[in-house]
Amino acid sequence: MLFTLALVLASSKVALSAPALDARQTVTIAVDASKTYQTIDGFGISQFYGRAGNIKSLASAAQKKTLDLLFDPATGAGFSILRNGIGSGPSSGFSIEPNSPGSPSAAPKYQWDGADNDQVWLTQQAKTRGLKYIYADAWSAPGFMKTNGKDSNGGYLCGVTGTSCGNWTQAYANYLTQYVKDYKSVGIDITHLGFLNEPDYTTAYSSMLSSGQQAADFIKVLAPTVKAAGLDVKLTCCDATGYTAQSKMLPGLATVDSLFDVVTTHGYSSDPTTPFASSKHAWMTETADLSGKWDISYYTTGAAGEGQTWAEKIHTALVDASFSAYLYWEGAEDAGTSPTNSALINLHGGVVAPSKRFWVYAQWSRFVRPGAVRIGASGANTALKVSAFKNTDGSVAVQVLNTGASAATVSISGVKGTASAYITSESYELDSLSGSSVPAHSMVTFLYK
Ligand SMILES: *[C@@H]1O[C@H](CO)[C@@H](O)[C@H](O)[C@H]1NC(C)=O
């Protein structure tokens, strides 16, 4: 059955004087629920490196507004994944094991301050608004466990292939397990655990290098350790700087395929455009425009920080690369007087200022909920990008990005129920839309309930 969304010209007077509808711009979108693809885990952000504190230190109305924008599915984005950083020592400012116990087998002296750089507070605030997944990720092991003796500037975990500085793999696995237990002690179940961040990149902040083989060496120790502790946590690997770098690590991980759960990558050095050679869920766990200056627009030139750019990147990752999650770097931050686009919401001066990137993320996140299955949707053309998702409550979200310079009228088939439509564009921020015209340079969701 064909459901044509009210394609009614506003009045007969207008209809008489309006030019004939250009058939090339009327697009039939055929949704096909019998074709099923990946299951979605959701969308999210991080507030690591002190940005949880940026929210906590806001005045109460601004603080509530920011938390609602990020985590409330009715009034904001309803992000379902929060990526917390596991402090590694001096270069991240904190760690649960600041000092070496002297040797790998010596008893560690763990410290837990209950705040974890305000990430405990933030996680609790997000959970009250419905947060589903808590991804705790370590940028590096503590320096005393590594070849270079520091938690910054790369270096390798002692004990993996190619190192000769003792074997700290069990100590690092114990440390990560302790961190998960510390969160449990304050009522928070970490759902996903990672032990690397950009292992193909050496930098002056917290970083640790690893090949796929070296990551496999460690997963062989971490997986049984987490299991023996009775923790129900999924393991990820490896948060490489980009899709190509992460792809190159996968062959080295073949021997531990049954021991980890999610393939994670960042989107800096390259974006995902095809699926990984893996049957696991794929998550884009960090990406941002770090070089452009703060940009709130949806579309002016197609610049790296604009909303349309991110609407398209998410579409490509979900549709062409079958990803299950897509996270931006920071959600909200006060980055001073000349911020880049490293966050979705600017908090400078205590003013909560969402960019159009934020509203684009919100439009994906609010209507494509965790557990949704991507289903068939035809009708794309050079200007229109089309996808459809069946949520666990039975609702179907049809996502239409019009990247072209003229409006397109859509006619959607294969869906039941009544559609509500929502739009983000240069003029709108996830507002209700009536009719079936998808304006030039806009993202429109048709939600069938
Ligand atoms: C390092 O320790 C782990 C955990 O005990 C062990 O499985 C692994 O074989 C050791 N590695 C080497 C190179 O001895």
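Residues numbered from 1 in each chain as written. Predicted model: local features only at pLDDT ≥ 70, side-chain atom pairs only at ≥ 80, totals over all residues. Heavy atoms only, no water.

1. Overview of the packing of helix 3 (residues 60-71) against helix 4 (residues 119-128)
Any two packed helices are characterised by how steeply their axes cross, that is the angle between the axes, and by the distance between the axes. Applied cut-off: In this analysis an axis means a line fitted to C-alpha atoms, helices contributing only their contacting stretch, and an angle means the value between N-to-C directions, from 0 to 180 degrees. The numbering of helices and of strands both runs from the N terminus, where a helix is a DSSP run of H or I of at least 4 residues and a strand a run of E of at least 2. In this scheme the crossing of two helices becomes right-handed for a clockwise turn of the near helix relative to the far one and left-handed for an anticlockwise turn of less than a right angle. In what follows, a contact means two residues having at least one pair of non-hydrogen atoms within 4.5 Å. Any residue outside Ala, Val, Leu, Ile, Met, Phe, Trp, Tyr, Cys, Pro, Asp, Glu, Lys and Arg is labelled polar, Gly included; the first ten of those are nonpolar and the last four are charged.
The geometry of helix 3 relative to helix 4 is characterised by a closest axis approach of 10 Å and an angle of 65 degrees between their N-to-C directions. In terms of crossing hand, the pair formed by helix 3 and helix 4 is right-handed. Taking contact as the criterion, the partners of Gln 63, Leu 67 and Phe 71 in helix 3 are, on helix 4, Trp 121, Leu 122, Gln 125 and Ala 126. The residue inventory of the contact of helix 3 with helix 4, partitioned by class, reads five nonpolar, two polar and no charged.

2. What about helix 4?
Note the threshold: Between buried and exposed lies partly exposed: a residue is buried under 20% and exposed over 50% of the maximum accessible area for its type, with that area taken using a 1.4 Å probe on protein chains only.
The complete set of buried residues in helix 4 reads Gln 119, Val 120, Trp 121, Leu 122, Thr 123 and Ala 126. If you follow the buried residues of helix 4, they end up packed against helix 2 (51-56), helix 3, strand 4 (81-86), strand 6 (94-95), strand 7 (133-138) and helix 5 (169-185). Positive backbone phi, approximately 110 degrees, marks Gly 130, located one or two places after helix 4.

3. Concerning the pattern of salt bridges
Rules: Each reported salt bridge corresponds to a side-chain nitrogen of Lys or Arg within 4 Å of a carboxyl oxygen of Asp or Glu.
Within the structure shown, the criterion is met by 13 salt bridges. A salt bridge links Glu 330 to Arg 51; the nearest nitrogen and oxygen atoms lie 2.9 Å apart. Of the two residues, Glu 330 sits in strand 13 (residues 325-333) while Arg 51 sits in helix 2, which places them 279 residues apart along the sequence. One exposure class covers both Glu 330 and Arg 51, and it is buried.

4. A word on the state of the cysteines
Throughout this description, disulfide means a covalent bond between two cysteine sulfur atoms. Note the cut-off: When the sulfur atoms of two cysteines come within 2.5 Å, that pair is taken as a disulfide.
Considering all chains together, one arrives at two disulfides under this definition. Through a disulfide, Cys 158 is tied to Cys 165; the S-S separation comes to 2.1 Å. Between Cys 158 and Cys 165, the S-S dihedral sits near -105 degrees, and the bridge is therefore left-handed. Accessibility expressed as a relative area gives 2% for Cys 158, which makes it buried. The partner cysteine of Cys 237 in its disulfide is Cys 238, sulfur to sulfur 2.1 Å.

5. Thoughts on the site of the ligand
Short version of the rule: A single heavy atom is enough: if one lies within 4 Å of a molecule or strand, its residue is considered near that molecule or strand. Counting of polar contacts relies on pairs of N or O atoms within 3.5 Å, with two restrictions inside protein: one atom must be capable of donating a hydrogen and the other of accepting it, and residues adjacent in sequence are counted only when both atoms are side-chain atoms. Here the Shrake-Rupley method, with its probe set to 1.4 Å, supplies the accessible areas, and only the displayed protein chains count as covering residues.
In the neighbourhood of the ligand, the contacting residues comprise Gly 159, Asn 167, Thr 169, Gln 170 and Val 221. With respect to the ligand, the side chain of Asn 167 contributes an N or O atom lying 2.4 Å from an oxygen atom. A distance of 3.4 Å separates an oxygen atom of the ligand from a polar side-chain atom of Thr 169. For the ligand, the protein covers 36% of the area, taking 360 Å² as the surface of the free molecule. Residues belonging to the shell around the ligand are distributed by class as follows: one nonpolar, four polar and no charged.

6. Things to note about the UniProt feature "domain: Glycosyl hydrolase family 30 beta sandwich" (unreviewed entry) in the chain
This is how it is decided: UniProt positions are given in the numbering used here, feature names are shortened, and annotations may be inferred rather than shown by experiment.
Listed under "domain: Glycosyl hydrolase family 30 beta sandwich" (unreviewed entry) in the UniProt record, and renumbered for this structure, are residues 371-446. Between the end C-alpha atoms of residues 371-446 the distance is 19 Å, and the span holds 0% helix and 55% strand.

7. Looking at the packing of helix 8 (residues 307-320) against helix 9 (residues 356-367)
Running from N to C, helix 8 and helix 9 cross one another at 30 degrees; their axes reach a closest spacing of 8 Å. In this structure, helix 8 crosses over helix 9, and the sense of that crossing is right-handed. Residues Gly 307, Trp 310, Ala 311, Ile 314, His 315 and Leu 318 of helix 8 lie in contact with helix 9, whose contacting residues are Lys 356, Arg 357, Val 360, Tyr 361 and Trp 364. Across the contact of helix 8 with helix 9, the residue classes break down as seven nonpolar, two polar and two charged.

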